[in-house]
Amino acid sequence: MTYKEIKKIKSRILDVKRSEIYPAEITVEKGYFKSVIQLSNDFNEDTRLDFEGILVPGFIDAHIHIESSLLTPSNFAKAAVPFGTTSIIADPHEIANVLGREGIDFMIEEAKEVPFDFYFSAPSCVPATSFETSGACIDSVAIDELMKKDEIVALGEVMNYVGVINQEKELMNKLKIAKKYNKPIDGHAPGLSGEDLEKYIEWEVSTDHESVSFKEAIVKKDLGMKIMVREGSSAKNMEALFNINDRINFFSKQDFFTSISSGDYQEILKKPIFDFLVSDDKDAKDLKLGHLNILIKKAIDLGIDPIEAIKMVTINPAKHYNLNSGEIARGKIANFVLIDNFHDFNIKKTFIHGQLVAEDRKTLFKAKKPFLKDTFQLNKKIASDFEIKTENKSDLVTVNVIEVVNNEIITKKFKTELNVEGQIIQANLNNDILNFAVVERYGKNNMANAFVKGFNLKKGAIASSVAHDSHNILVLGTNSEDMARAVNIISENKGGLSIVDGEFQKILKLPIAGLMSDKEAATVSDELEEINKIAFDFGCNMESPFMTLSFLALLVIPSLRLSDKGLFDVEKFSHINLIIDN
């Protein structure tokens, strides 16, 4: 390693417990803060300080899926440390759905190759539902074994809230195991409310990152959940949850409102109310520009007090997940970051375990190139596989359509009439109705076809082997020939994101479980930008087309999805017919 060790420094520091900034002398020994001594109040000569700026605790992303960055853990760390991130709590349920325990073990071991604090949650829902085909199963016996590992600090997001409400035995066993090891249970409850929400939380499900409105979040908060304010590459909820009008309305209804001064009220308005800032899913293109530092700065721009925003990625997650970090204090892991000021919030240096690992946006360590076996077992596809046939003798049929929402992972249910020619239902490019399919990749050769609205693709096809959560191959397109080619290219390359138009083809290769590249972030970012640009040139108007595509098979997010077994209505939690009987 080429990073430098540091033993003793004098600098202004942020004390997140006292919400104060003061000069201090810090001593580091064996990766921990040995002492943090506040210097006298009259210590104000900048020349006597080792650093210009403020030392703050290293940033912790309390909920992220590394695989969604398309990077391996070590390459993710290499990309994140220049922006002040020193720790993450990763839910590896993406690779777990492909390879089970083998995939989780790969993530844990690969993460040890670099100086970065990786923590993991044990995936609670592998597979996410029984209505799709995945590559593996993590049962309660496996959860018990995983919980014994020091790297596992929580039970991963419990997406099967229906199973919790109905007290399904195997899922209940997993929750009980988490309690036995005194590790928190992460939640996933989009739109859940009323008695169902209360039943869900009764099982000590402690967090939620799926709230898309202030109202939804505050209800969950009042019931005892810690609220993760999500701002990722696909789902961006910070503006909704930090809405100033909602905060004013909330605080004005509190008992203290009539007895405080105007000045105190202005300070109270800067409180975030909620608990953590998280990414959930962050692609390499966005990670090249920043990580939690961007979230902190955006929170400040939305009126949140800077120190309170920093707490949301330091002491708050550290306390909740029982991490020995998150503050600059004696006995804590010496993870800290030098920033210039709270206005510009430029990251100047990042230290992990007292060692300088990044400086002036340059990482001072390298990542290894990993290897993982081929996980694709499917027959070569032909154009007719993507034709949707009907026995209906009419020239028109009414169908259910998945309608996507830009910058959200929720979908809408849309109904429309489509033409029938030669008993094949025709897409309607003029109305942005495209063919869409899920192709199973684990050897059973299942597939299902449907229609999708919202991508506005005008030619060709795009496909992805990143397909939450079972990670079969998703493909949408303007014609069946290009759809078949897009799928076959992915299979031939052991995973990836592909785009095709006739003889033209492009792929971003993802040979690590069909989810991750073996290249570093800058290269993956450039390739992702290139393939996204091609999609834009083909007419697609999605900000992150491949990220948005990747969620269209996620059967636990409202409202309409597609699995390899058919069209799925999340509200009814059952498959429904594509064609609506007139």
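Read on for an overview of the structure. Computed from a prediction, not measured in an experiment: that's the story for all the values here.

## With respect to the packing of helix H4 (residues 140-147) against helix H6 (residues 169-180)
Running from N to C, H4 and H6 point in directions that differ by 15°, and their axes come no closer than 9 Å. Taken as axis vectors, H4 and H6 run roughly parallel relative to one another. Taken as a pair, H4 and H6 cross one another with a handedness that is right-handed. Side by side, H4 and H6 meet where Ser140, Ile143, Asp144 and Met147 of the first sit next to Glu170, Asn173, Lys174, Ile177, Ala178 and Lys180 of the second.

## Some details on empty space enclosed by the protein
Scanning the entire structure with this criterion turns up five cavities of 30 Å³ or more. Around the largest cavity, the lining residues are Ser68, Leu70, Asp283, Ser464, Val466, Leu497, Leu528, Asn532, Ser544, Phe546, Met547 and Ser550. If you list the elements that add at least two residues to the lining of the largest cavity, you get helix H17 (521-537) and helix H18 (545-550). Broken down by element, the residue count for the lining of the largest cavity peaks at three residues, all from H18. In terms of residue class, the lining of the largest cavity is built from six nonpolar, five polar and one charged.

## With respect to the nonpolar core
Tyr200, Leu277, Phe436 and Phe455 are the most contacted members of the largest nonpolar core, which has 150 residues in total. Looking at this core, the element that brings in the most residues is H17, giving six residues. Apart from the residues within four sequence positions on either side, Leu277 is in contact with Asp61, Val229, Met238, Phe242, Leu292, Leu295, Ile296, Ala299, Ala309, Met312 and Val313. Within the second largest apolar cluster, 17 residues are counted, among which are Ala437, Ile473, Ala484 and Val500.

Cut-offs applied
Residues numbered from 1 in each chain as written. Predicted model: local features only at pLDDT ≥ 70, side-chain atom pairs only at ≥ 80, totals over all residues. Heavy atoms only, no water. Axes fitted to C-alpha atoms, helices over the stretch in contact; angles between N-to-C directions. Helix = DSSP H or I, 4+ residues; strand = E, 2+ residues; numbered from the N terminus. Parallel < 35°, antiparallel > 145°, perpendicular 65-115°, else oblique. Left-handed = near helix turned anticlockwise from the far one by under 90°. Contact = heavy atoms within 4.5 Å. 1 Å grid on protein atoms, 1.4 Å probe; cavity = no way out; pocket = protein on both sides within 12 Å on 5 of 7 lines; lining within 4 Å. Points joined across faces, edges and corners; volume = space filled by probe spheres on them. Nonpolar A, V, L, I, M, F, W, Y, C, P; charged D, E, K, R; others polar. Core = buried A, V, L, I, M, F, W, Y, C linked by side-chain atoms within 4.5 Å. Buried < 20%, exposed > 50% of the residue type's maximum accessible area, 1.4 Å probe, protein only.

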